[in-house]
Number of protein chains: 2
Amino acid sequence: MSTITIPDILPSLKEDCMRLRKAFQGFGTDEKAIIEVLGHRDARNRAEISRCYYMLYNESLIYRLKSELSGDFQRAVILWTEDPSKRDAELAHEALKRKKDQDIWVILEIACSSSSDHLIEVRQTYCLLFHSSLEEDIESQFAQQGQLKEFLLRLVSSYRYEGDDVDEQLVKSEANSLFCAIREQQPYHEVIRVLSTRSKAHLNAIFQHYKQEYGISIIEDIECNSTDDKKLTSIIKVAICCLQSPEKHFAQVVNTSIIGFGTDEDSLTRAIVTRAEIDMKLIKEEYKNRYNRTLHDDVVGDTSGYYRDFLLTLLGDK
Amino acid sequence: MSTITIPDILPSLKEDCMRLRKAFQGFGTDEKAIIEVLGHRDARNRAEISRCYYMLYNESLIYRLKSELSGDFQRAVILWTEDPSKRDAELAHEALKRKKDQDIWVILEIACSSSSDHLIEVRQTYCLLFHSSLEEDIESQFAQQGQLKEFLLRLVSSYRYEGDDVDEQLVKSEANSLFCAIREQQPYHEVIRVLSTRSKAHLNAIFQHYKQEYGISIIEDIECNSTDDKKLTSIIKVAICCLQSPEKHFAQVVNTSIIGFGTDEDSLTRAIVTRAEIDMKLIKEEYKNRYNRTLHDDVVGDTSGYYRDFLLTLLGDK
């Protein structure tokens with residue numbers, strides 16, 4: 001489902017490092033060469049290049065990229081080159097500092113659209129980098145927002161079973177208990193419990209059964225029946241989307257970052273960089289079906305320069 | 001702090017495996033040889049022996065031990081030979097099935113007396129073995145016990161920062177917020193929040209500050225001021241002990257398993273097997289100071305046969 005393209009015959013690690021080193025030296029920086037190397041290597045290659053570069057030149061590739069590049073292009077290349085668990089720990093930390101509504105999406109993406117093992121790695125790296133745990137920081141940043149805090153805490157702390165085994169009886173009884181809680185207009189406790197503990201296979205089975213049995217999707221049903229906390233309801237909607245069909249969520253992230261006046265480059269970069277190797281093909285299809293335009297055209301229309309070239313490279317369009 | 005003794009010159013892995021194989025073959029089993037080999041090897045050696053044994057004889061060492069041994073001796077040797085994260089996942093699963101008061105201790109020990117990384121490994125292994133997550137099973141087993149369930153869930157889901165950095169201002173303000181919550185006889189929410197997120201260094205600083213500032217230990221203060229939920233109060237007490245001074249908790253586990261009529265071999269085995277390589281020296285000291293008897297004498301008095309020999313080997317007394 002990745003959109004990046006990797007040469008059939010890869011240069012050696014040393015050759016890649018030497019090309020990068022050359023791009024940094026002399027007058028100006030050769031941005032094209034940087035895109036050419038890093039934009040066409042997978043996560044494992046990039047990690048090896050980082051290690052090899054440090055060994056050869058005794059300097060951190062990330063620091064060198066920071067000093068050579070700037071602006072949105074710099075941010076995109078750095079996020080792409082960093083170890084994914086470090087990248088996500090940093091994104092979560094930034095989001096918790098800013099704490100705007102859209103920043104909660106970052107936490108939901110990491111908690112709900114990652115594998116259990118990746119989420120754990122992000123939490124480990126978070127502790128190492130920031131000397132506090134992700135849970136602690138959510139706890140203090142959302143101290144005044146009881147149920148929202150509880151929801152985020154439970155999601156980031158989860159370690160879901162990732163197999164396909166689903167207990168059909170449990171699916172039916174939980175779909176029913178969710179239905180009752182939602183219709184009694186007290187959905188949050190039960191929704192939080194189920195969404196934060198069950199496996200994705202189990203959740204998908206619940207969502208399907210819910211629609212079949214009650215003739216309405218669980219998201220729509222929550223929206224119709226919750227009047228007291230619009231914000232929490234919209235966050236639950238995003239979480240369900242991230243758990244069930246991340247491609248739909250990320251198509252929306254890209255679209256939201258582009259529509260209207262100006263571009264939200266941070267969100268655009270995050271969506272493309274974090275999903276290029278996971279499900280970007282699906283995101284592009286979803287984008288086309290939903291917005292009747294191509295993701296490629298919208299990126300071209302809203303970005304420019306090396307930043308645009310780099311994003312298009314990750315989209316496999318360059 | 002380990003009490004096991006390892007020979008200065010270790011036999012090769014192959015020699016150890018051959019000795020075990022010989023102990024299994026022929027008429028009867030040579031239990032002494034099994035104790036001699038496995039009781040004097042550290043966790044890494046035992047893991048290597050398990051792997052090498054499988055390679056040499058195409059059978060699982062654990063399965064073979066299960067078929068050769070029986071009773072408490074079998075259980076102790078198996079728990080000792082298993083990978084520690086598998087062992088703890090199995091102990092947690094057993095405890096959740098039985099769900100007696102003392103079984104909650106097992107969950108608290110794994111959640112509060114382990115490193116963050118070990119706790120994560122236990123959760124990963126739990127998913128692999130039982131096709132559900134530890135949180136899910138706690139959620140369903142304690143569904144009717146709101147705050148207790150919440151406390152256990154939060155503890156097992158934690159990934160604590162393990163460094164020594166402590167924010168003194170935060171320590172003071174949290175000691176104060178705990179004090180206020182406890183004196184207003186509504187301690188649980190705040191106690192659960194702090195105990196399940198903060199680092200052990202931070203918690204120790206809070207406990208010390210609490211005693212200095214308010215003239216009473218936090219445990220005593222919770223006990224004096226909570227009248228509504230004696231069970232949760234006693235569980236919180238055990239959790240604080242596991243977080244702050246595991247040796248005190250495990251000295252009590254051993255003592256409780258021995259005093260009175262009959263012996264609780266499962267608890268005795270668990271305490272000695274899981275702590276022999278971690279802090280058994282401290283546990284023995286604590287035991288002597290607290291009960292005025294040696295742990296050695298009490299084990300000798302309450303156990304017999306190869307089971308006794310094996311426990312004494314792990315205690316470094318044989």
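Residues numbered from 1 in each chain as written. Chains lettered and ligands numbered in written order. Predicted model: local features only at pLDDT ≥ 70, side-chain atom pairs only at ≥ 80, totals over all residues. Heavy atoms only, no water.

Novice: Explain the side chain of B:Asp298 here, please?
Specialist: Residue and element names in this part refer to chain B. Looking at the secondary structure, you find Asp298 in helix α19 (residues 295-302). A polar side-chain atom of Asp298 sits 2.6 Å from a polar atom in the side chain of Tyr287. Apart from the residues lying within four places of it in its own chain, the contact partners of Asp298 are Ile258, Tyr287 and Arg293. (Helix = DSSP H or I, 4+ residues; strand = E, 2+ residues; numbered from the N terminus. Polar contact = N/O pair within 3.5 Å; in protein donor to acceptor, adjacent residues only side chain to side chain. Contact = heavy atoms within 4.5 Å.)

Novice: What's the story with the packing of helix α1 (residues 13-24) of chain B against helix α3 (residues 43-57) of chain B in this structure? I'm lost.
Specialist: Think of two packed helices as two axes; the pair is described by the angle between the axes and how far apart they sit. Residues and elements named next belong to chain B. Across the interface, α1 lies against α3 with an axial gap of 9 Å and an inter-helix angle of 70°. Relative to α3, the element α1 lies roughly perpendicular. Here α1 runs over α3; the crossing is right-handed. On α3, the residues that touch Leu13, Lys14, Asp16, Cys17, Met18, Leu20, Arg21 and Phe24 of α1 are Asn45, Glu48, Ile49, Cys52, Tyr53, Leu56 and Tyr57. Here the residues of the contact of α1 with α3 are counted per class, giving 10 nonpolar, 1 polar and 4 charged. (Axes fitted to C-alpha atoms, helices over the stretch in contact; angles between N-to-C directions. Parallel < 35°, antiparallel > 145°, perpendicular 65-115°, else oblique. Left-handed = near helix turned anticlockwise from the far one by under 90°. Nonpolar A, V, L, I, M, F, W, Y, C, P; charged D, E, K, R; others polar.)

Novice: Help me out: how do you make sense of the domain arrangement of chain A in this one?
Specialist: The accessible area lost on association of the parts is a frequent measure of interface size. Residue and element names in this part refer to chain A. Domain boundaries assigned for chain A yield domain 1 (13-69), domain 2 (84-156), domain 3 (168-244) and domain 4 (247-314). Spacing between the C-alpha centres of domain 2 and domain 4 amounts to 23 Å. Counting residues at the interface gives 9 residues for domain 2 and 11 residues for domain 4. With both chains or domains summed, domain 2 and domain 4 bury close to 780 Å², and 55% of this area falls on carbon and sulfur atoms. The three residues of domain 2 that bury the most area against domain 4 are Arg87, Trp105 and Glu109, which together make up 56% of that side's buried surface. Where domain 2 meets domain 4, there are 2 salt bridges. A salt bridge links Asp266 to Arg98; the nearest nitrogen and oxygen atoms lie 3.9 Å apart. (Domains from an automatic or database assignment. Buried area = accessible area lost by both parts, 1.4 Å probe. Salt bridge = Lys/Arg side-chain N within 4 Å of Asp/Glu carboxyl O.)

Novice: Is there a simple way to explain the interface of chain A and chain B in this structure?
Specialist: In this complex, chain A contributes 26 residues to the contact, which on the side of chain B involves 26 residues. Of the roughly 2300 Å² buried where chain A meets chain B, counting both sides, 51% is carbon and sulfur surface. Taken as a group, A:Glu136, A:Tyr159 and A:Tyr161 account for 27% of the area that chain A buries against chain B, more than any other trio of residues on that side. Linking chain A with chain B are 4 salt bridges. The shortest N-O distance in the salt bridge between A:Glu136 and B:Arg198 comes to 2.7 Å. Taken together, the links from chain A to chain B amount to 14 residue pairs in polar contact (both at pLDDT 80 or more). The set of elements that each furnish at least two residues to the side of chain A that touches chain B consists of α8 (116-130), α9 (134-141), α10 (146-156) and α12 (188-197) of chain A. When the residues that make up the side of chain A that touches chain B are grouped by side-chain class, the tally is 5 nonpolar, 9 polar and 12 charged.

Novice: How do you make sense of the relation of the copies chain A and chain B when you look at a structure like this?
Specialist: A rotation about some axis, followed by a shift along it, carries one copy of the chain onto the other. Superposing chain A onto chain B requires a rotation of 180° together with a translation of 0.0 Å along the rotation axis, leaving an RMSD of 0.0 Å. When the rotation and shift are considered jointly, the pair of chain copies conforms to a two-fold rotation axis. Among all residues of chain A, the minimum C-alpha distance to the rotation axis is found for A:Ser157, at 2.6 Å. With an isologous cut-off of 70% or more, the 100% of interface residues of chain A that recur at the interface of chain B puts this contact in the isologous class. (Least-squares fit on C-alpha atoms with pLDDT ≥ 70 in both.)

Novice: Could you clarify how one ought to interpret helix α15 (residues 230-244) of chain B in this entry?
Specialist: All names here are of chain B. Compared with the 21 Å implied by 1.5 Å per residue over 15 residues, the 21 Å span of α15 between its first and last C-alpha is a close match. Among the residues making up α15, those that are buried are Leu232, Thr233, Ile235, Ile236, Val238, Ala239, Ile240, Cys241, Cys242 and Leu243. Those residues of α15 that are buried are in contact with α7 (101-112), α10 (146-157), α12 (188-197), α13 (200-214), α14 (218-225) and α16 (246-258). (Expected span 1.5 Å × (residues − 1). Buried < 20%, exposed > 50% of the residue type's maximum accessible area, 1.4 Å probe, protein only.)

Novice: Explain helix α4 (residues 61-68) of chain A to me, please; I cannot follow it from the model alone.
Specialist: Residue and element names in this part refer to chain A. When we look at burial in α4, the residues that qualify are Leu61, Ile62, Arg64, Leu65 and Glu68. End-on view of α4: buried residues confined to an arc of 165°, all on one side of the axis. Exposed residues lying more than 90 degrees from the buried face of α4 are Tyr63 and Ser67. Summarising the contacts, the buried residues of α4 are in contact with α1 (13-24), α2 (31-38), α3 (43-57) and α5 (71-81). Looking at where α4 begins, the residue whose side-chain oxygen comes 3.2 Å from the main-chain nitrogen of Ile62 is Ser60. (Arc of directions from axis to C-beta.)

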